[in-house]
Structures are given as structure tokens and as C-alpha cells.
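Chain residues, written in single-letter form:
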Amino acid sequence: QKEVEQNSGPLSVPEGAIASLNCTYSDRGSQSFFWYRQYSGKSPELIMFIYSNGDKEDGRFTAQLNKASQYVSLLIRDSQPSDSATYLCAVRGSSNTGKLIFGQGTTLQVKP
Amino acid sequence: KAGVTQTPRYLIKTRGQQVTLSCSPISGHRSVSWYQQTPGQGLQFLFEYFSETQRNKGNFPGRFSGRQFSNSRSEMNVSTLELGDSALYLCASSFQGGGTEAFFGQGTRLTVV
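Residues numbered from 1 in each chain as written. Chains lettered and ligands numbered in written order. Predicted model: local features only at pLDDT ≥ 70, side-chain atom pairs only at ≥ 80, totals over all residues. Heavy atoms only, no water.

(A) Molecular detail of the pattern of salt bridges. Residue and element names in this part refer to chain B. In total, this model carries eight salt bridges over all chains according to the counting rule given. Arg 55 is the partner of Glu 48 in a salt bridge, and the nearest nitrogen-oxygen pair spans 2.7 Å. A relative accessible area of 0% means that Glu 48 is categorised as buried. For Arg 63, the salt bridge goes to Glu 82, with nearest N and O atoms at 3.6 Å. Remark: Glu 82 occurs in the loop between strand S8 (74-78) and strand S9 (87-94) and Arg 63 occurs in the loop between strand S6 (53-57) and strand S7 (64-68); sequence separation between them is 19 residues. Residues joined in a network through salt bridges with shared partners are Arg 63, Glu 82 and Asp 85. (Salt bridge = Lys/Arg side-chain N within 4 Å of Asp/Glu carboxyl O. Buried < 20%, exposed > 50% of the residue type's maximum accessible area, 1.4 Å probe, protein only. Helix = DSSP H or I, 4+ residues; strand = E, 2+ residues; numbered from the N terminus.)

Right, here's the structure in full:
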């Protein structure tokens, strides 16, 4: 079992729709959770982080965390073609150091 | 506030050579982590430095090493390069590592021929 798992996609949604990206993790002691967006040929850009169970909203983005189910998700409302990218889920484990464990990423395609 | 700066952006090296990559973190950040990104393996953790000490290490051979200076700048060295070392090398800067957000530099694209 991989430490952090994501569906590689591609996930295709029409412009204006809600895109839902999911991630599961294996270390039950994991402390913090991050979503990065990576455009082709670029470095990952931090778009959301969440540390507590529940929802966290920032503009069109909502991160959801359920530690009991070891599940974290990212919702993108009113998806735009510029949101087309690979979305990486990253988990900081129970060691509470700087180490992040990444999923393989989900490719999102937003069609005009 | 300046972001994370990695140099050089691109490198082409020959098998057997060694290479040194540099990372300057965001001002005030004391944790620098290094990652290797390849199409097949994704983003993999190499090591983390905090206050000039290696605090964590990933599952990479000893050819991969690093260090951190008193100003928090970090260098990563790869010796005896192999073709499989071709990758995007990314460093991430955070205030103290655990419990804080990490921001990536633009990366160094290493090609080994």
C-alpha cells in the first residue's frame, strides 16, 4: 500500500463545474496535509493546507479532512481552464519534521 | 519577500561526474527539504536540513548528500552520476518544518548523458 494515494486521472470537468480531487493516506499519526498545484514544466505551488478535521475554504478552493477515514480532498468550485494542472496531495507524517510524502498527483483538465 | 531560489536552473552532466545544486530559502525559514521528481516515481523526499543539521533522510543511496549553512542556504551534492539521476530536483523551504507550510523553488533540471 502506498503511503499517499491519489487517482492519477485525468479528471475532466467542464468550465464552471466543481472538480473534486481525493487523497488517502496510510499513516494514522499524520499531522498536516497540503495540496499543491503543478503546471507542466513548473514547480509545485502550495494552494491549500489543512491541519484539523473538517473543511477549510479559501476562495474557490475547499480542503476537507477526515482523519478517522484517513482521507483528504480538494474541491475547486467554478473550475476554469487555467485550473488545468496536476494536483499533488502531500502529507506530513507523525514525525513532525519537514518531510512531506506526496501522492502521484491527479491531472485535472477543465474544458471550455 | 523573495521566494525560494534554486541555482542553476538547468544542468547537463556526464555519467560519473558529480554535481552540486544550491537552494536559498525564504528569509527567516530554517528548514530546507530536497526532493527528486521523475515521471515514473513522482516526488520523492531526499533529506531535510534544519539549523545546519540533517533531521530526516529518504531512501536514496549515499551518493546523494547535502548540507546547510548558518544562513540556512543549502546545497545538495550527487556524486558518480548515473543516467537514472536525471530528474527535476526541488527544494522546499519552511519556517521550522513540522507544522508549517512548505514552499518550493523553481527547481533544477538535471540531465545526465
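Moving on from the coordinates now.
(B) Fine view of the packing of aromatic side chains. Scanning the entire structure with this criterion turns up twelve aromatic pairs over all chains. Measuring from centroid to centroid gives 5.4 Å for A:Phe49 and A:Tyr51, while their planes differ by 35°, and the two rings are tilted. The class of A:Phe49 is partly exposed, set by a relative accessible area of 26%. Assessed through its relative accessible area of 26%, A:Tyr51 is described here as partly exposed. Here A:Phe102 and B:Tyr35 contribute two aromatic rings whose centre-to-centre distance is 5.6 Å and whose plane-to-plane angle is 85°, an arrangement assigned as edge-to-face. Here A:Phe102 is found in strand S10 (residues 100-102), whereas its partner B:Tyr35 is found in strand S4 (residues 31-38) on a different chain. Considered together, A:Phe102 and B:Tyr35 belong to a single accessibility category, that of buried residues. Grouping aromatic residues by their ring pairs yields a cluster made of A:Phe34, A:Tyr36, A:Phe49, A:Tyr51, A:Phe102, B:Tyr35, B:Phe45 and B:Phe104. One cation-aromatic arrangement involves A:Lys56 over A:Phe49; the distance from NZ or CZ to the ring centre is 3.3 Å. (Phe/Tyr/Trp six-rings, centres within 6.5 Å; stacked < 30°, edge-to-face > 60°. Lys NZ or Arg CZ within 6 Å of the ring centre and 35° of its normal.)

That's the geometry; what it means functionally is another story.
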